[in-house]
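Structural characterization, general
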Amino acid sequence: MLKENLKEVQENILKACEKSGRNPEDVTLIAVSKTKPVPMLQEIYDENIRDFGENKVQELVEKYDELPQDIKWHMIGHLQRNKVKYIVDKVCLIHSVDSYRLAEEINIQAKKKNITVPILVEVNIAEESSKFGIHAEDAIALVEQIAQLENVQIKGLMTIAPLVKNPEDNRQYFRNIRQLSVDIAAKNIDNVSMNVLSMGMTGDYMVAIEEGATMVRVGTGIFGERNYNK
């Protein structure tokens, strides 16, 4: 099942790239493996997928030790400051930075390990009260503030669009965050690049790609429904 699911997702990515005239190599598929057991991740790894996304620090740390070392781990869930130290040297990218205090803690822990940590600023583009992320109008100020930190590097923006039945309903949000990234890039802030746009999940990743996503986070589409009972 997993192989078929993955193949279908990869074919859909190609279709979306074709439709929007983009190079498929510019889009990274992140297999979102939260709540999924290690053998399932290994099966997807064996299909040449190297980017995996986790929501919880503890789960990421456990899987990090059990799976091949060339996996690129993405922290995509809400991150508490007291947990930063456990993953700062294990992830290739933290997608969910939505406050200066969190960025500051990442910077403190990165300094201790003598590394620079790539991050994305999470924007709540649809302004949903149930979601984390800063409002679009506050994004530029936050980016300018975080850019001062020596051991953190802003690589772009991340958003979680609303859960919708029709993916077209999210197109406006993807378009808006893409425009926001263009506006930020135009400011030429030191230590900031806007090369990464992490947006689009199982229900709407094709539309996200058409609107400029460089990373899509697909869990259910690959692994099936999540098991919250474990």
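Note that the structure is predicted; figures quoted are calculated from it, not measured.

To continue, consider the state of the cysteines. Inspection of every chain in the model, using the stated rule, returns zero disulfides. The thiol of Cys17 is unpaired, and the distance to the nearest cysteine sulfur, on Cys92, comes to 19 Å. In this structure Cys92 comes out as partly exposed when scored by relative accessible area, which is 28%.

Taken as a whole and judged by the stated rule, the model has one aromatic pair. Its end group placed over the ring of Tyr45, Arg50 keeps NZ or CZ at 3.5 Å from the ring centre. Directly above the ring of Tyr64 sits Lys90, whose terminal nitrogen or CZ lies 5.4 Å from the centroid.

Turning to the pairing of strand 8 (residues 215-218), a few remarks are in order. Burial of strand 8 is two-sided: the residues Met215 and Arg217 facing one way and the residues Val216 and Val218 facing the other way are all buried. Across four bridges, strand 1 (residues 28-32) lies against strand 8 in parallel orientation. Within strand 8, the residue paired with Ile30 across the bridge is Arg217.

Enumeration over the complete set of coordinates arrives at 14 salt bridges. Two residues, Arg171 and Glu168, come together in a salt bridge whose shortest N-O distance is 2.8 Å. Classification of Glu168 by relative accessible area gives partly exposed; the value is 40%. Residues joined in a network through salt bridges with shared partners are Lys19, Glu168, Arg171, Arg175, Glu210 and Glu211.

All right, on to helix 1 (residues 2-19) then. Under the 1.5 Å per step criterion, the end-to-end length of helix 1 is 26 Å for 18 residues, consistent within 8% with the ideal 26 Å. Looking at the buried residues of helix 1, the elements they touch are strand 1, helix 2 (38-45), helix 8 (205-210), strand 8 and helix 9 (220-223). Positive backbone phi, at 65 degrees, marks Gly21, one or two positions downstream of helix 1.

Summarising the element assignment, Glu43 is placed in helix 2. Exposure remark for Glu43: the relative accessible area of 31% places this residue in the partly exposed category. Sequence spacing of Glu43 and Lys3 is 40 residues, and the spatial spacing of their C-alpha atoms is 7.9 Å. Discounting residues that sit within four places of it in the chain, Glu43 has contacts with Leu2 and Lys3.

Attention now moves to helix 2. Each turn of an α-helix holds 3.6 residues, which means side chains three or four residues apart point in the same direction. Every buried residue of helix 2 is accounted for by Val38, Leu41, Ile44 and Tyr45. An end-on view of helix 2 places all buried positions within 120 degrees of arc, on one side of the element. Here the buried face of helix 2 lies against helix 1, strand 1, strand 2 (51-54), helix 3 (57-66), strand 3 (72-75) and helix 9.

It is worth spelling out the nonpolar core at this point. Counting 69 residues, the largest nonpolar core has Phe52, Ile94, Ile106 and Ile146 as the members making the most contacts within it. With six residues, helix 1 is the largest single contributor of residues to this core. Beyond its immediate chain neighbours, meaning those up to four positions away, Ile106 contacts Val84, Val88, Ile94, Val97, Val117, Ile119 and Val152.

Locating Arg171 in the fold gives a position in helix 7 (residues 171-186). Classification of Arg171 as buried rests on a relative accessible area of 14%. Separated by 2.8 Å, the side chains of Arg171 and Glu211 make a polar contact. Not counting residues within four places of it along the chain, the set of residues in contact with Arg171 comprises Val207, Glu210 and Glu211.

Thresholds applied
Sequence order sets the numbering: in each chain, residues are counted from 1 along the sequence as written. Given that this is a predicted model, residues contribute local features only at a pLDDT of at least 70 and side-chain atom pairs are listed and counted only at 80 or more, while totals for whole chains, interfaces and linings are drawn from all residues. By convention in this description, side-chain values take in all heavy atoms of the structure and omit both hydrogens and water. A pair of sulfur atoms, both from cysteines and within 2.5 Å, is called a disulfide here. Burial here depends on accessible area, computed with a 1.4 Å probe over protein chains only, as a share of the maximum for the residue type. Under 20% is buried, over 50% is exposed, and the range in between is partly exposed. A pair of Phe, Tyr and Trp rings is counted when the ring centres sit within 6.5 Å of each other, with Trp represented by its six-membered ring. The angle between the planes then sorts it: under 30 degrees is stacked, over 60 is edge-to-face, the rest tilted. In this scheme, the term charge over a ring applies when either NZ of a lysine or CZ of an arginine sits within 6 Å of the ring centre and within 35 degrees of the ring normal. Here a strand is any run of E in DSSP of at least two residues, a helix any run of H or I of at least four, and the numbering for each starts at the N terminus. Any two strands between which DSSP finds at least two bridges are classified as paired. The salt bridge definition used is simple: a Lys or Arg side-chain nitrogen within 4 Å of an Asp or Glu carboxyl oxygen. Under the convention used throughout, the expected extent of a helix is 1.5 Å for every residue step, that is, one less than its residue count. In what follows, a contact means two residues having at least one pair of non-hydrogen atoms within 4.5 Å. Regarding the arc, it is the one traced by the directions from the helix axis to the C-beta atoms. We define the nonpolar core as a collection of buried residues of types Ala, Val, Leu, Ile, Met, Phe, Trp, Tyr and Cys that are connected through side-chain atoms lying within 4.5 Å of one another. Between N or O atoms, a polar contact is any pair within 3.5 Å; within protein, one atom must be a potential hydrogen donor and the other a potential acceptor, and residues adjacent in sequence are included only when both atoms are from side chains.

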